[in-house]
Amino acid sequence: MRRVARALYEETRDLPIVSPHGHVDPRILAENAPFSEPASLIVQPDHYILRLLYANGVPLEALLKSEPRRVWQLFAEHYYLFRGTPSGAWLDYELNEVFSIRSSVSAETASPIYDQISEKLQSPEFRPRALFERFNIEVLATTDAATDRLEHHCAIRESGWKGRVIPTFRPDALFKISSPGFDALGARDYSGLVRAIADRRAYFKQLGATATDHAVLEPYTAALPEEEAERLFQRARQGEATPDDERRFTAHLLMEMARLSLADGLVMQIHAGALRDHNRAVFERFGPDMGGDIPVATEFTRNLRPLLNAYGNDPRFTLVVFTQNARVSSLNPAVL
Amino acid sequence: MRRVARALYEETRDLPIVSPHGHVDPRILAENAPFSEPASLIVQPDHYILRLLYANGVPLEALLKSEPRRVWQLFAEHYYLFRGTPSGAWLDYELNEVFSIRSSVSAETASPIYDQISEKLQSPEFRPRALFERFNIEVLATTDAATDRLEHHCAIRESGWKGRVIPTFRPDALFKISSPGFDALGARDYSGLVRAIADRRAYFKQLGATATDHAVLEPYTAALPEEEAERLFQRARQGEATPDDERRFTAHLLMEMARLSLADGLVMQIHAGALRDHNRAVFERFGPDMGGDIPVATEFTRNLRPLLNAYGNDPRFTLVVFTQNARVSSLNPAVL
Amino acid sequence: MRRVARALYEETRDLPIVSPHGHVDPRILAENAPFSEPASLIVQPDHYILRLLYANGVPLEALLKSEPRRVWQLFAEHYYLFRGTPSGAWLDYELNEVFSIRSSVSAETASPIYDQISEKLQSPEFRPRALFERFNIEVLATTDAATDRLEHHCAIRESGWKGRVIPTFRPDALFKISSPGFDALGARDYSGLVRAIADRRAYFKQLGATATDHAVLEPYTAALPEEEAERLFQRARQGEATPDDERRFTAHLLMEMARLSLADGLVMQIHAGALRDHNRAVFERFGPDMGGDIPVATEFTRNLRPLLNAYGNDPRFTLVVFTQNARVSSLNPAVL
């Protein structure tokens, strides 16, 4: 097993990285400012780390609101919890290979390691773009709201830097017609909404986008009659859409997204099966993406059938369906 | 792992093959005519092969409607796609062991391999019955519609050939009371239908059948009051049965099949969990069994409880439940 | 794999056993009488053994109603069925390590092995408490009905013996408000029931309990308004509660149990996913726990969300959720 894994790694380690999906903030590469220090770089933005620490009794307040060196100390004191987890393998690799840290992380070594990393982060070779090049990244796709003006992507293009960073069109918020903050892109009727979405897709494509991305609990797809889509849209504009309206509207808009993909060639990606913000108290105090998501069993076969029967046999259409791998997820132990 | 697999294989390789379920056409063994050429023998009837090729962009028209040598060429050009799949292991074995093909299959070798196989197929030792004997098949069970006259099974028996080929009673079509082509075996009432089914079972048994086989999406079982079964049957005769009627009628008839098994001793087999003809366009152009089936999660515990509580403790009753193994199926990569 | 397993075993084999959940009858350790003979010790109380034998055609009557030596003979004749199963590994270990049986179990060796074990069972070192000490058990938690007077636990404490045997509070029967034998602990209203439960918890805790345990099919949790809980309780007292009432009442009482755990510190354990008494004929003739339970797919994420959102962020609360591991269960082959 390990022998096969090593052989595969040897054959692939020198290939460039093509990253089709991720959550790197493009501002980092647009501004290319030094990362400030280890806690805000490694601990605080990683919901896998936050979750495992919280599950073992470390208060989120202490991790998110303390002075950085204190956060790092807490993280180091609990570093043993990550042994044998995917996050642990990732962290070991990052500290060893990227930051040349040779001592193991613990309460005692926390402070000197903090200083070592902080010092490195101030040097030119640890600037974001330098790391991008060192990691041999051929292309990095970010994930961006449909309404995003993409000013950081513009800035990267205009800067003359050669790194290829492209946006991905994520219109989830436009589908949430029962949410208070529903934004219809200024459209007054349903066909106006679809036109506005098509315009946004064109803008994203102009800045290099090759794909859209859709996060849903269930990948439910179903076409509505045009007048029913219109009716739901008008209910949404008046703030009267129900969660069931939203479910049907989303199912219909996913069909529309597939149809638009035939025309503009953007690959369609679906992320299904993450139940978001399961822990209400954590969500209310700290917001989303703080370790409160849980994978749930998801039905793909029946749910995607309408979309695939409508567009799946067209050679212009490419659909990538991401699943939550419960076996891998469960290696990162965490409480419900 | 491999060592254990090899040891198991060594211990079992000389045992005869007992094939309790399969889809070999008995006509092949009744007529014992030479197979005509490789494409219609190996590529076109195999929905796993069709599906993987189609999923990689090869049009089904090209695979099903082209001249045979062209079909084989297309298959050979994409042979690398089967690496590491169960179908690939099967194909490698078949070409190597059965046809003594020593070169690997590719665009370049397609034509000479086609000729080699074609030539072999014309020799006496590649006639169907000769292969049956070479493969050391002790018994081969086919799968046959309840209405089948079994003339090929009769012909095999009358031919004096000693190969044991037996039918299996598959009455699925008789349960589909909401289908336009529903055939009631000439019965005018429900008890007449059950009598007609029992007669057909007796006929199958006379020709060697040892089992029935039932393909269902969910193995739902539930007894109906006699008068309700009658009512559903009459609705079916008038073409008024709904899909829900069919679901309940099927659940009831599965109970009846178990009851008849107690009397005639036929083993009851259930195949559950294949969602048929998922790809509507493929189904409409090319019909069933063209790679459009997908395994779905299936509930057995509650669904089979009524049947097992009614008949499962009777030592005369044998039930074999086939499941769709999603882990093995998923090794044969294919699009939804 | 085996090397890792052996290394782990070597590191842990000398540690004491801490058994947080099990079904040992405390009377055995209170009375400390010799076990009478092998069949009633090893075969008859083990529903895994009964089930596999029954699935292979051995009548339960023969296993449960025959003379002990005959039961042992039947067991020995079918001992080969346990090869490669978890039960088989367990049995091999028990016979080898505990009883020093060196011959393998079969029809021929059944009788001498029966005699060897019987003889050993009469010696002082095979008394229950001697085995408890030999097995290096630090603490053993039993599972006890909420209404249990715990006289055996009292007797153990008063006996002066130092073995630590503690009760676990299992109030399932109090939640079954649609069962004919529903026992409300003498309460006249809902708040009286909760007070009575709290009293019983305190009594269990006094005798060493550190946990509660709840067996449910689905771990459904949901708070009811106080007056709705009262209404359901009154329906229960009048014998009018329906299964749906029971489902909602149980969901609410699980919330109450979590709330009481905050106060008294008892760890809350949930066992979900066993469909009990699937085989009705076996249940009616022989009662529960005779091999008729089947694991079913269970939803935890949505079902436990109300309970976790109400109490899960409180550091005083500890919840242990046991799942049915279908992969391990399926290694013990058995009929539905």
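Cut-off values and rules
Residues numbered from 1 in each chain as written. Chains lettered and ligands numbered in written order. Predicted model: local features only at pLDDT ≥ 70, side-chain atom pairs only at ≥ 80, totals over all residues. Heavy atoms only, no water. Helix = DSSP H or I, 4+ residues; strand = E, 2+ residues; numbered from the N terminus. Rg over C-alpha atoms; globule rule 2.2 N^0.38 Å. Buried < 20%, exposed > 50% of the residue type's maximum accessible area, 1.4 Å probe, protein only. Contact = heavy atoms within 4.5 Å. Areas by Shrake-Rupley, 256 points an atom, 1.4 Å probe, with all protein chains shown as cover. Lys, Arg positive; Asp, Glu negative; His and termini not counted. Charge placed at Lys NZ, Arg CZ, Asp CG, Glu CD. Phe/Tyr/Trp six-rings, centres within 6.5 Å; stacked < 30°, edge-to-face > 60°. Lys NZ or Arg CZ within 6 Å of the ring centre and 35° of its normal. Buried area = accessible area lost by both parts, 1.4 Å probe. Salt bridge = Lys/Arg side-chain N within 4 Å of Asp/Glu carboxyl O. Polar contact = N/O pair within 3.5 Å; in protein donor to acceptor, adjacent residues only side chain to side chain. Least-squares fit on C-alpha atoms with pLDDT ≥ 70 in both. Pairing = 2+ DSSP bridges.

Caption draft 1: Main features of the overall build of chain A. Across its full length, chain A holds 17 helices and ten strands. For 336 residues, the compact-globule formula gives about 20 Å, and the C-alpha radius of gyration of chain A, at 22 Å, lands near that figure. Structurally, chain A occupies a C-alpha span of about 65 × 45 × 45 Å along its principal axes. Expressed as a percentage of its 336 residues, the buried residues of chain A come to 46%. Taking the contacts inside chain A whose residues are at least 6 apart along the sequence as the reference set, 77% of them involve residues at least 24 apart. Element-wise, carbon and sulfur atoms account for 53% of the exposed surface of chain A, whose accessible area totals about 17400 Å². Distance between charge centroids for chain A: 2 Å, based on 39 positive and 45 negative side chains.

Caption draft 2: Expanded view of the packing of aromatic side chains. One pass over the full model with this rule turns up 27 aromatic pairs over all chains. Taken together, a centroid distance of 4.9 Å and an interplanar angle of 75 degrees make the contact between C:Phe132 and C:Trp161 edge-to-face. One end of the pair, C:Phe132, is in helix 9 (residues 128-134); the other, C:Trp161, is in the loop between helix 10 (151-158) and strand 4 (165-166), and 29 residues separate them in sequence. Across the pair, exposure class does not vary: C:Phe132 and C:Trp161 are buried alike. Grouping aromatic residues by their ring pairs yields a cluster made of A:Trp72, A:Phe75, A:Tyr79, A:Phe82 and A:Tyr114. Stacked on the ring of A:Tyr220, the Lys or Arg A:Arg247 has its end atom at 3.9 Å from the ring centre.

Caption draft 3: Representation of the interface of chain B and chain A in the model. Between chain B and chain A, the residue contacts involve 15 residues of the former and ten residues of the latter. Counting the surface lost from both chain B and chain A, the interface buries some 980 Å², and carbon and sulfur atoms represent 48% of this. Taken together, chain B and chain A are joined by zero salt bridges. Counting the contacts that link chain B with chain A gives eight residue pairs in polar contact (both at pLDDT 80 or more). For the side of chain B that touches chain A, the elements supplying multiple residues, two or more each, are helix 15 (280-286) and strand 9 (294-295) of chain B.

Caption draft 4: Summary view of the relation of the copies chain B and chain A. Rotating chain B by 120 degrees and moving it 0.0 Å along the rotation axis overlays it on chain A with an RMSD of 0.0 Å. Taken together, the rotation angle and the small translation identify this as a three-fold axis. An asymmetric contact is evident, with only 7% of the interface residues of chain B recurring at the interface of chain A.

Caption draft 5: Quick look at the sheet that holds strand 2 (residues 137-141) of chain A. Residues and elements named next belong to chain A. Strands sit in the order 1-2-4 across an open sheet of three strands; the sheet is parallel. Each edge of the open sheet carries a strand with a single partner, namely strand 1 (17-19) and strand 4 (165-166). Examined bridge by bridge, strand 1 and strand 2 share three bridges and lie parallel to one another. When the bridges of strand 2 are listed, Ser19 appears paired with Leu140.

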